[in-house]
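Chain residues, written in single-letter form:
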Amino acid sequence: MKVGEYDADRFDRMRRIDWLDLDSIQNTRCLVAGAGALGNEVVKCMLLAGFRKITVVDMDEIVASNLSRCVFFRETDGGRKKAEVVAERAGGLYPGAEIVPVVSRIQETEDWEFDIVMGCLDNISARLHVNSHARYHRIPYIDGATDGFRGKVQVVFENGPCLECGMNSSHMKMMDERFSCTGGGTIFVPKLASEITTTSVIAAVQVREAMKILSGRRELSIRNVMYYDGLSGTMQELEVPEDSSCPNHNTEELK
Ligand SMILES: [Zn+2]
């Protein structure tokens with residue numbers, strides 16, 4: 001055996017994880033909702049891990065304050081659309097990957113022909129929209145969120161608790177307040193503290209959950225919310241009870 005024979009295969013080290021289903025990962029149609037800090041890190045990890053069919057949805061433009069957390073953005077990208085720049089730059093990480101940019105609000109997405117959805121959003125109303133649509137279409141939804149040195153990941157399947165089940169009245173009140181602040185259909189989203197190390201951890205956990213689910217190891221996935229505290233370096237998994245009054249749990253007869 002020649003030295004370096006194994007090193008010619010991009011995925012050689014991944015193939016040594018015997019249960020990982022690389023074929024499934026490569027053929028999965030992925031929706032990444034949001035191309036900001038989390039979206040950049042999620043797309044980066046996905047491409048390095050062998051995902052190659054990725055649609056990225058985001059309507060926003062790049063501003064200077066994105067540059068401390070977004071691996072695919074450059075100083076000269078100011079004013080360009082985030083989704084388009086991610087699609088343009090990320091492809092170099094895995095030649096042959098198809099990265100489709102969609103410049104629109106996630107609420108305007110009509111195509112739900114996907115096998116997995118990665119939530120990289122910055123507001124509750126967009127999250128609830130993706131949650132209900134992914135649930136209705138029976139697509140696993142992996143939602144990530146960060147706030148300073150804290151973050152969380154929730155995995156939503158076609159059964160069991162969903163994102164809305166875990167929301168309490170203060171979340172809903174907050175959403176109402178945001179809608180009441182809007183003018184001309186623009187949603188006011190307060191800017192939360194954010195830095196790259198927590199973003200990287202949360203994005204990596206999201207992609208790792210996708211890899212487990214797509215390799216037929218759902219039983220290993222997070223049940224139901226993983227909280228990360230970057231200050232103490234700890235992670236905790238907390239169960240979300242299924243809410244029988246949640247509107248996303250009685251859609252079967254509609255199909
Ligand atoms: Zn629910």
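Residue positions are given per chain, counting from 1 as you read along its sequence in written order. Under the rules for a predicted model, residues below a pLDDT of 70 receive no local features and side-chain atom pairs below 80 are neither given nor counted, while totals for whole chains, interfaces and linings still include all residues. Processing note: side-chain calculations cover all non-hydrogen atoms of the structure and skip hydrogens and water entirely.

1. Side note on the side chain of E164
Okay, step 1: Helical segments are the DSSP runs of H or I of at least four residues, strand segments are the runs of E of at least two, and each set is numbered from the N terminus. Here E164 shows up in the loop between β6 (150-156) and α6 (169-180).
Okay, step 2: The buried label goes to any residue with under 20% of its type's maximum accessible area, the exposed label to any with over 50%, and the partly exposed label to all in between, with areas taken from a 1.4 Å probe on protein chains only. We count Lys and Arg on the positive side and Asp and Glu on the negative side, and we leave His and both chain ends out. By convention in these notes, a salt bridge is any Lys or Arg side-chain nitrogen within 4 Å of a carboxyl oxygen on Asp or Glu. There is no salt bridge for the buried E164, and the closest opposite charge comes from R135, which lies 9.4 Å off by N-O distance.
Okay, step 3: Two N or O atoms count as a polar contact when they lie within 3.5 Å, although within protein this holds only if one can serve as hydrogen donor and the other as acceptor, and sequence-adjacent residues are included solely when both atoms are side-chain atoms. A polar atom in the side chain of E164 sits 3.1 Å from the side chain of N248.

2. Some remarks on the environment of R69
Okay, step 1: Along the chain, R69 turns up in the loop between β2 (53-57) and α4 (82-90).
Okay, step 2: Given the relative accessible area of 15%, R69 is considered buried.
Okay, step 3: Taking the C-alpha atoms as reference points, R69 and G36, separated by 33 residues in sequence, lie 8.3 Å from one another.
Okay, step 4: Two residues form a contact once any of their heavy atoms are found within 4.5 Å. Setting aside residues up to four positions removed in sequence, R69 forms contacts with A37, S194, E195, I196 and T199.

3. With respect to the coordination of the zinc ion
Okay, step 1: For Na, K and Ca the donor cutoff is 3.2 Å, while for all other metals N, O and S atoms count as donors only within 2.8 Å; water does not appear among the atoms, so some sites may look incomplete. Taken together, the protein donors to the zinc ion comprise C162 (SG), C165 (SG), C246 (SG) and H249 (NE2), at separations of 2.1 to 2.3 Å.
Okay, step 2: Between 85 and 135 degrees for all angles marks four donors as tetrahedral; over 155 degrees for opposite donors together with 65 to 115 for all other angles marks four donors as square planar and six as octahedral; every other arrangement is irregular. Note that the zinc ion binds 4 donor atoms; their angles at the metal cover 88 to 126°, and the shape is tetrahedral.
Okay, step 3: If you list the donors of the zinc ion from N- to C-terminus, the spacing comes out as C-x2-C-x80-C-x2-H. One end of the pair, C165, is in the loop between β6 and α6; the other, C246, is in the segment after β8 (234-238), with 81 residues separating them in the sequence. For the pair shown, C165 and C246 are each scored as buried.

4. What to know about the nonpolar core
Okay, step 1: What is meant by a nonpolar core is a set of buried Ala, Val, Leu, Ile, Met, Phe, Trp, Tyr and Cys residues, joined one to another through side-chain atoms within 4.5 Å. M46, F51 and M118 are the most contacted members of the largest nonpolar core, which has 49 residues in total.
Okay, step 2: A per-element tally of this core places helix α7 (residues 196-214) first, with 8 residues.
Okay, step 3: Apart from the residues lying within four places of it in its own chain, the contact partners of F51 are I25, C30, M46, Y94, V207, A210, M211 and L214.
Okay, step 4: In terms of nonpolar packing, the next biggest core, distinct from the first, is built from 23 residues, F114, L121, I139 and Y141 among them.

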